[in-house]
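Survey of secondary and tertiary structure
Residues per chain, in single letters:
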2 protein chains.
Amino acid sequence: MTQNTAPASTKQKYLKAPVMLSKSEAEVVRALRGNGQTSRVDIAHMTGWSRAKTSQVVNALIEKGYLVQVGEGISKGGRKPRLLSFNKQLGYIIGIDIGATSLEIALADINGSILRRVSEPADVRLPPEELLGRCSMLILELTVAHGIRPEQILGIGVGVPGPVDFTRGVLVAPPLMPDWENYPIRNFFKETFLSAFVVVDNDVNIMALGEQRSGFAANLDHFLVIKIGTGIGCGIMAGRKIHRGSDGCAGDIGHICVDKQGPICRCGNQGCLEAMAAGPAIAEKAMQAASDGKSEFLLKLMESNGGVLTPENVNTACREGDEAALEIIRASGQMIGDVLAGLVNFFNPSHIFIGGGIANFGNHLLIAIKRAVLRRSLPLATTNLTISFSRTGSNAGVIGAIMLALEYLFVVKDDPYYLV
Amino acid sequence: MTQNTAPASTKQKYLKAPVMLSKSEAEVVRALRGNGQTSRVDIAHMTGWSRAKTSQVVNALIEKGYLVQVGEGISKGGRKPRLLSFNKQLGYIIGIDIGATSLEIALADINGSILRRVSEPADVRLPPEELLGRCSMLILELTVAHGIRPEQILGIGVGVPGPVDFTRGVLVAPPLMPDWENYPIRNFFKETFLSAFVVVDNDVNIMALGEQRSGFAANLDHFLVIKIGTGIGCGIMAGRKIHRGSDGCAGDIGHICVDKQGPICRCGNQGCLEAMAAGPAIAEKAMQAASDGKSEFLLKLMESNGGVLTPENVNTACREGDEAALEIIRASGQMIGDVLAGLVNFFNPSHIFIGGGIANFGNHLLIAIKRAVLRRSLPLATTNLTISFSRTGSNAGVIGAIMLALEYLFVVKDDPYYLV
């Protein structure tokens, strides 16, 4: 038996990711990916192969334990076609979504369906060993609960809230988590999960992957996902693929200049979108409004909070109809919309999905964003443009992390960049 | 003989584009495209096919007259491999680059090599029938000079200086050329060139294709081409493909807001980049500087010009070291750089190529652009970023138009969107 064989039931020898395929095998796997359960006839149609060649490649994949037959499809005349599917015994996938203040982990099968999940508060300012150690603990708990071994984890997708050098899988100058700079996240997990291939990406890219998986966005060619929270980031789907850019840091829109005379941002520049419109700026402005006597409601909240306000307090005030709070949210929405207007002219997406903690503040923000985009973008670029809240909401991150890991599960022999 | 056969020498029956291929044939054509002359062994290696299948597909393409054998390659032991190439007798390609004030047309062979070219001044404000009629005349002159028939033109690529709805091949709300709105450019040429498939795109997209073809940018995944002239536009290469966006109007960066209190743009908004930094704004500011007594040189030029200044006059003044003119160009460069800084954060390209009439004004503009980008973009996005003048210069447009036409020369049967 070679290494790339499914585990036998007696003497355990585990499959190791990434799984190497021939180019023909990759075409079959790709056909299955797009269609779930598929018949040989459909595969022959999609690949343009003869029946004989299709059967040969499919049979090889079944023999290796990668595919299984799963019942029968609908006959179009003649024998009912037998359907093929990935062999769920092959292994499992882990998705990790590390947020600034929370941690979400899911165990999924080889088709990306979530089997178990767990989430808890977390502080990303902790040293990486500590937070990642907690992740490993939680993954192990999930495997135990599901009755599987750590060696059966074939892929781990990790989303982190900071700029990632995607090729190396490390954070680069992450403002929220300086201790994580260049920390080898992949190696950390590989020490415990020996069979797994680990992929690290930033939180908005995995949100975009999750959005694509959610069904609604599956057929969209070009869309953006905007995450508004402690920072502001953007996931870019271009031609149905995540656009990461030349250094893997595309989508870092939080540091686009909104006002050259604006406040100093933590990046060192003046008037960045993030410094003016994200969570901390919203809280700051609310405290200013409270101190200036512009809102009794905010002032009371601040007093009962020990002299500070959080973005969530501003949200509460908005829900109560507090005009000062609403004005702050509208101003944030307008600034975000002004930046998006430029990106709409440049990128011409069909959809923009707004997500992240601040997005939960509701319609006032969304309306302000929409208004600014429509006012400043060119008509041709906005005629068919839809701006809405993220469909998958808080699930997008962990779903996207699973999708990311699945993208790197199979690779083509002699061509490590040919993802299946 | 079927329609898709190369012209026989006696009774002429011409091939018509797009040429339909089977999926296997398309793979061979694609392999040839990427490598120029290629042997059967190389094709077998690239496609992963057996020798028998490779020979079968290649022979079918030779029989149809699409490919020919062209001498021998270098032996790696054994018989020297015979090389394959496109059959140049198959037909010809026309590239048309319509600028605001000029017209450039080239006749190329099936490999995209230019055989003959012609250029002349033109006024894009003319009615489309008139300007396109002139194009047809010039193409016919090129065919006559080369001793070929109009029916041998298989593809015509057209670049126009305005927003194009790429799917329909028409201009939408073009500010420079209002008469062209929705004008059926494709049909116009099809009436004269019966075998040709006509593709229309905006001037910056064809520049980006030309830049990619120029050699230097051939291996770049993500780059931008900025055209600064009467307007300001951007061609986007994402994953080695032109990114046109959902409505085909991506890259329209001339209308990104630079100053909310700025002058009214022809698009109706205030303070667009184009209204503040492109050719007409440069001329306007120079006239203001002359009137305000800030530059004797500009004032003299204006007086000798009948009271007006052109962007070219400002260029002349810059070359003479006129400080007022230099300041105007630096200010334009800074505004363009500020917008590009945001796009660098968003898109993370490895290269930005600056072209167009104003780009010829030289280093002062480029330095100001670079300075603004470096100051406002995030370090990770600029570490490996190169900003330079376009390598292909004024050739990029017409070369790109040829490339565009070639992209649509072959399509796969049953899948009109599968470009070879």
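Above this text you will find the structure in question.
The present account deals with the structure reproduced in this document. (Residues numbered from 1 in each chain as written. Chains lettered and ligands numbered in written order. Predicted model: local features only at pLDDT ≥ 70, side-chain atom pairs only at ≥ 80, totals over all residues. Heavy atoms only, no water.)

Tallying secondary structure elements over chain A gives 14 helices and 18 strands in all. Across its three principal axes, chain A shows a C-alpha extent of roughly 75 × 50 × 35 Å. Classification of the 420 residues of chain A by burial places 57% in the buried group. Contacts spanning at least 24 positions in sequence make up 61% of the contacts within chain A whose residues lie at least 6 apart. Here chain A displays about 17,700 Å² of accessible surface, and carbon together with sulfur accounts for 51% of that area. Put simply, chain A has 41 plus and 39 minus side-chain charges, and the middle of one group is 11 Å from the middle of the other. (Helix = DSSP H or I, 4+ residues; strand = E, 2+ residues; numbered from the N terminus. Buried < 20%, exposed > 50% of the residue type's maximum accessible area, 1.4 Å probe, protein only. Contact = heavy atoms within 4.5 Å. Areas by Shrake-Rupley, 256 points an atom, 1.4 Å probe, with all protein chains shown as cover. Lys, Arg positive; Asp, Glu negative; His and termini not counted. Charge placed at Lys NZ, Arg CZ, Asp CG, Glu CD.)

Okay, the relation of the copies chain A and chain B next. For the match of chain A to chain B, the screw axis carries a shift of 0.0 Å, the RMSD comes to 0.1 Å, and the turn is 180°. Both copies are brought into coincidence by an operation consistent with a two-fold rotation axis. The fraction of interface residues of chain A whose copies in chain B are also interface residues reaches 100%, indicating that both copies meet through the same surface. (Least-squares fit on C-alpha atoms with pLDDT ≥ 70 in both.)

Glancing now at helix α11 (residues 323-347) of chain A. Residue and element names in this part refer to chain A. With 25 residues, α11 extends 35 Å between its outermost C-alpha atoms, agreeing within 8% with the 36 Å of an ideal straight helix rising 1.5 Å per residue. Of all 25 residues in α11, 20 are buried, a share of seventy percent or more. Regarding α11, its N-cap is Asp322, as a side-chain oxygen of that residue lies 3.4 Å from the backbone nitrogen of Ala324 further along. Downstream of α11 by one or two residues, Asn348 has phi in the positive range, about 50°. (Expected span 1.5 Å × (residues − 1). Polar contact = N/O pair within 3.5 Å; in protein donor to acceptor, adjacent residues only side chain to side chain.)

This next bit is on unusual backbone geometry. Residues and elements named next belong to chain A. Put simply, Ala17 and Pro18 share a cis peptide bond, and its omega is -5°. Positive phi outside glycine occurs at Ala173, with the angle close to 45°. Within the secondary structure, Ala173 sits in the loop between β10 (170-171) and α5 (185-192).

What follows is about the packing of helix α10 (residues 311-319) of chain B against helix α11 (residues 323-347) of chain B. Residues and elements named next belong to chain B. Packing of α10 against α11 brings their axes to within 8 Å, and their N-to-C directions diverge by 115°. The interaxial crossing formed by α10 with α11 has left-handed handedness. Contacts between α10 and α11 involve Val314, Ala317 and Cys318 from the former and Ala325, Leu326 and Ile329 from the latter. In terms of residue class, the contact of α10 with α11 is made up of six nonpolar, no polar and no charged. (Axes fitted to C-alpha atoms, helices over the stretch in contact; angles between N-to-C directions. Left-handed = near helix turned anticlockwise from the far one by under 90°. Nonpolar A, V, L, I, M, F, W, Y, C, P; charged D, E, K, R; others polar.)

As a further point, take the sheet that holds strand β3 (residues 67-72) of chain A. Residues and elements named next belong to chain A. If you walk across this open sheet you meet the three strands as β2-β4-β3, and the pairing is antiparallel. Each edge of the open sheet is held by one strand with a lone partner, namely β2 (38-39) and β3. In this structure, β2 lies alongside strand β4 (residues 82-86), joined through two bridges in antiparallel fashion. What sits directly across from Thr38, in β4, is Leu84. (Pairing = 2+ DSSP bridges.)

Turning to its location among the elements, Arg244 of chain B is positioned in the loop between β14 (241-242) and α7 (273-277). Looking at Arg244 of chain B, its side chain comes within polar contact range of the side chain of Asp201 of chain B, at 2.7 Å. For Arg244 of chain B, the contacting residues outside a window of four places in its chain are Asn348 of chain A together with Phe166, Asp201, Asn205, Cys249, Ala250, Leu404 and Tyr408 of chain B.

Two strands pair when backbone bridges link them, and strand β6 (residues 102-108) of chain B and strand β7 (residues 114-121) of chain B are joined in this way by seven bridges, in the antiparallel orientation. What sits directly across from Ile105 of chain B, in β7 of chain B, is Val118 of chain B.

Each side of the interface is counted separately: chain A has 46 residues, and chain B has 46 residues. For the chain A face of the interface with chain B, the top three residues by lost area are Phe346, Arg376 and Leu380 of chain A, together amounting to 23%. Run the count over chain A and chain B and you get two salt bridges. One salt bridge in this structure joins Asp338 of chain A and Lys260 of chain B, with 2.5 Å as the shortest N-O distance. Elements supplying a minimum of two residues to the side of chain A that touches chain B: α1 (23-35), α2 (40-47), β13 (232-238), α11, α12 (363-376) and α13 (379-382) of chain A. Per element, the largest residue contribution to the side of chain A that touches chain B is seven residues, and it comes from α11 of chain A. (Buried area = accessible area lost by both parts, 1.4 Å probe. Salt bridge = Lys/Arg side-chain N within 4 Å of Asp/Glu carboxyl O.)

With that settled, the discussion passes to the sheet that holds strand β3 (residues 67-72) of chain B. Consider a sheet: its strands pair through backbone hydrogen bonds, and that pairing is either parallel or antiparallel. Residue and element names in this part refer to chain B. Ordered by their spatial adjacency, three strands build an open sheet running β2-β4-β3, and the pairing between neighbours is antiparallel. Bordering the open sheet on either side are β2 (38-39) and β3, each of which pairs with just one other strand. Contacting β2, β3 and β4 (82-86), helix α1 (residues 23-35) crosses the sheet at an angle of about 95° to β4.

All right, on to the packing of aromatic side chains then. Residues and elements named next belong to chain A. What the rule picks out here adds up to 15 aromatic pairs over all chains. With 5.4 Å between their ring centres and 85° between their planes, Phe223 and Phe353 make a pair best called edge-to-face. Of the two residues, Phe223 is situated in strand β12 (residues 223-228) and Phe353 in strand β15 (residues 351-355); the sequence distance between them amounts to 130 residues. Here Phe223 and Phe353 have matching classes, each one buried. The ring of Trp49 carries Lys53 above its face, with NZ or CZ at 4.6 Å from the centroid. In this structure, Arg244 packs its charged tip against the face of Phe166, placed 3.7 Å from the ring centre. (Phe/Tyr/Trp six-rings, centres within 6.5 Å; stacked < 30°, edge-to-face > 60°. Lys NZ or Arg CZ within 6 Å of the ring centre and 35° of its normal.)

In this section: the pattern of salt bridges. Residue and element names in this part refer to chain A. Counting across every chain of the model gives 30 salt bridges over all chains. Residue Glu151 pairs with Arg149 through a salt bridge whose shortest N-O separation is 3.1 Å. On the basis of relative accessible area, Glu151 is assigned to the buried category, the value being 18%. You can call Arg149 partly exposed: its relative accessible area is 42%. Close ionic contact of Arg375 with Asp338 constitutes a salt bridge, the shortest N to O distance being 3.8 Å. Within this pair, whereas Arg375 is found in helix α12, its partner Asp338 is found in helix α11, the two being separated by 37 residues in sequence.

All right, on to helix α2 (residues 40-47) of chain B then. All names here are of chain B. Taken as a whole, α2 has its buried residues at Arg40, Ile43, Ala44 and Thr47. Viewed end-on, α2 has its buried residues packed into an arc of 100°, placing them on one side of the element. Looking one or two places after α2, you find Gly48, whose phi comes out positive at around 80°. (Arc of directions from axis to C-beta.)

Tracing the backbone shows Arg125 of chain A in the loop between β7 (114-121) and α4 (128-146). Placed 25 residues apart in sequence, Arg125 of chain A and Ala100 of chain A show a C-alpha to C-alpha distance of 8.0 Å.

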